[in-house]
Amino acid sequence: MDAATPRDLDQLDSEALKALILALREQVFSHQTQLASRDAEIEHLKLLIVKLRRMKFGRSSEKRDHQIEQLELRLEELKARRTKETAAVKESAPPSTAVARPVRRSLPAHLPREVQKYLPKQEACPDCGGKLKHLGEDVSEILEYVPASLKVIQYIRPKLACAGCDRIVQAEAPSRPIERSIAGPGLLAHVLASKYCDHLPLYRQSQIYARAGVELDRSTLAEWVGGTSRLLAPLVEALRRHVMAAGKLHADDTPVPVLAPGLGKTKTGRLWTYVRDDRPAGDSAPAAVWFAYSPDRKGEHPQSHLSNFTGTLQADGYAGFAQIYAAGHIQEAACWAHVRRKFYDLEVAHKSPVATEALQRIAALYVIEKEIRGRPPDERREVRNTRSRPLLESLKQWLEETLGKLSRKSDTALAVRYALGRWAALLRFCDDGGIEIDNNAAERALRVVALGRKNFLFAGSDGGGESAAAIYSLLGTAKLNGIDPESYLRDVLSRIADHPIKRVEELLPWNVAASLQLTNQEAA
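What you are looking at is a predicted structure, and each value in this text was computed from that prediction instead of being measured.

Cut-off values and rules
Residues numbered from 1 in each chain as written. Predicted model: local features only at pLDDT ≥ 70, side-chain atom pairs only at ≥ 80, totals over all residues. Heavy atoms only, no water. Helix = DSSP H or I, 4+ residues; strand = E, 2+ residues; numbered from the N terminus. Buried < 20%, exposed > 50% of the residue type's maximum accessible area, 1.4 Å probe, protein only. Contact = heavy atoms within 4.5 Å. Patch = residues over 30% accessible without salt bridge, like charges linked within 9 Å, V, L, I, M, F, W, Y side chains within 5 Å. Areas by Shrake-Rupley, 256 points an atom, 1.4 Å probe, with all protein chains shown as cover. Salt bridge = Lys/Arg side-chain N within 4 Å of Asp/Glu carboxyl O. Lys, Arg positive; Asp, Glu negative; His and termini not counted. Charge placed at Lys NZ, Arg CZ, Asp CG, Glu CD. Core = buried A, V, L, I, M, F, W, Y, C linked by side-chain atoms within 4.5 Å. Pairing = 2+ DSSP bridges. Axes fitted to C-alpha atoms, helices over the stretch in contact; angles between N-to-C directions.

> Looking at this structure, I do not really get the overall build of the protein chain. What am I missing?
Looking only at helices and strands, the protein chain features 18 helices and seven strands. Counting only residues that meet the buried cut, the protein chain has 37% of its 524 residues in that class. Taking the contacts inside the protein chain whose residues are at least 6 apart along the sequence as the reference set, 64% of them involve residues at least 24 apart.

> Help me understand the side chain of Thr-412, please; the structure alone is not making it clear to me.
Its place among the elements puts Thr-412 in helix α12 (residues 411-421). Discounting chain neighbours no more than four positions away, the residues touching Thr-412 are Leu-346, Ser-352, Val-354 and Leu-406.

> What is the right way to look at a positive patch on the surface in this model?
Taken together, the side chains of Lys-370, Arg-373, Arg-444 and Arg-447 present a region of like positive charge at the surface. Mapped onto the secondary structure, Arg-444 falls in helix α15 (residues 440-456).

> Explain the nonpolar core here, please?
In summary, soluble globular proteins display a tendency toward joint burial of nonpolar side chains. Within the largest apolar cluster, 71 residues are counted, with the highest numbers of intra-cluster contacts made by Trp-224, Leu-232, Leu-235, Leu-306, Leu-313 and Tyr-488. For this core, the leading source of residues is helix α6 (residues 218-244), giving ten residues. Counting 28 residues, the second-largest nonpolar core is a separate cluster that includes Trp-336, Phe-343, Ile-362 and Leu-399.

> Teacher, can you tell me more about the pattern of salt bridges here?
In this structure the tally under the stated criterion is 21 salt bridges. Between Arg-279 and Asp-277 there is a salt bridge, with the nearest N and O atoms lying 2.8 Å from each other. Using a relative accessible area of 39% as the deciding quantity, one classes Arg-279 as partly exposed. Linked by salt bridges that have partners in common, Glu-237, Arg-240, Arg-241 and Glu-505 make up one network.

> So what exactly am I meant to see when it comes to the sheet that holds strand β3 (residues 248-259) here?
For sheets, the rule is that strands pair by backbone hydrogen bonds, running either parallel or antiparallel. Read from one edge to the other, the open sheet built from five strands follows the order β5-β4-β3-β6-β7, with strand pairing classed as mixed. Both edges of this open sheet fall to β5 (288-294) and β7 (330-333), since each of them pairs with a single strand only. Across this sheet, the average inter-strand angle for adjacent strands is 30 degrees, counted without regard to direction. Looking at chain direction, β3 and strand β4 (residues 266-276) are connected through ten bridges and run antiparallel. Of the residues in β4, the one forming a bridge with His-250 is Val-275. Contacts between α6 and the sheet are confined to β3, β4 and β5, with β5 contributing the most and set at about 110 degrees to the helix. Across the sheet, helix α16 (residues 462-480) lies against β3, β4 and β5, angled at about 170 degrees from β5, the strand it touches most.

Okay, structure coming up:
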């Protein structure tokens, strides 16, 4: 129905007015129904995307990646349409039926503010011509994007000659992160953070710089990555020593496709991660992660990585760790998240009652863990022995009884045997309050690799894998300590060339955090 003007409404009788009101209410109700349906679909899509993303960190596939991309495109389209139609309903609906909008968050206080003041055009009162006085003001904010910029820094070193003896003096050239390279520390940090944090392959970065009018070949960027990795090697070694000095480590590995030289094909290398993070047990030691690359998954690699480590290793059931445990200086702590995942897959696929009950029993253990997170080890051990151990004993008895009722070759039986076969290692967290219930710390560290693997396709060589391990170590540790990775790299690369190698530990993330925060505040 066409909108009516006030004059048209004056000419309508009571029946016509009623008909007009009913028609408008029907139109508003129809719009609201469509919006409600669209909101439901948006929430459903969000749930699907979350589930698919979680699955990507296990076995990934191109098909699943494509599904996520399609769902995200659909979600963007629905959100855009909802914005348009919400505006239309808001214009036509009475105040009592206005569509509710989510509360908008305030913009971050640390961002720089540019104040633009808009004074009224009138210099005097438009009614009586009186003088205007300040009554107050309305302040609103928008978030704007300022494109990143490149600049050239010229190093000018005047030559001075002595008038008496012709001796020439000149200041020494300032150090560069990479000798004879045109790249400054900020540019190198941005290239590394873009590749290893934001998952931008070097060829895409080259295209981005080209749009800014700067030609940086992919091969040049690759040389910078390798050169920076070599420069940072002593710092990464200091980080490794800190990680291996822990009494408990989280360990895991993930495949990395690597270009096989001369064959035009890829082979499968591995990135290993070792995480030191005892904050959940109330420890104040800085959290850190160290990555190592190997061309294959042979057990000799973790044996070499852990040759000087003594303590508890929290890991999955990888057979290569068996010889490490057999040596006696490292004890195994198994992961309840792996046990849970096997039952979760069964519950999703088959709605298995056994899987459902197993998940409920395991969930009760995690409720206790949430309550004691951050408490001292002794207190955690006491709570676990008082509350968790009885649940575990009941769970074991139930699993053994259930196994006798299952077909030996069934998927459910395999999940049950997986848990019972590691029972002693699964109970170790009750004996030691410093141990976690699962190995999620290592899995979180590897997520960045899983995301990058999709975009990089493969590493160029074993050397490229080693460079990736070095950079992932520093960036991951910066994140664990609440430091912006790019700011950290920029700071380190501006100093490390002139920094005494015997004091390289001073450049570890937690040691530069305070000065880095002060620098960022001054820059803002």
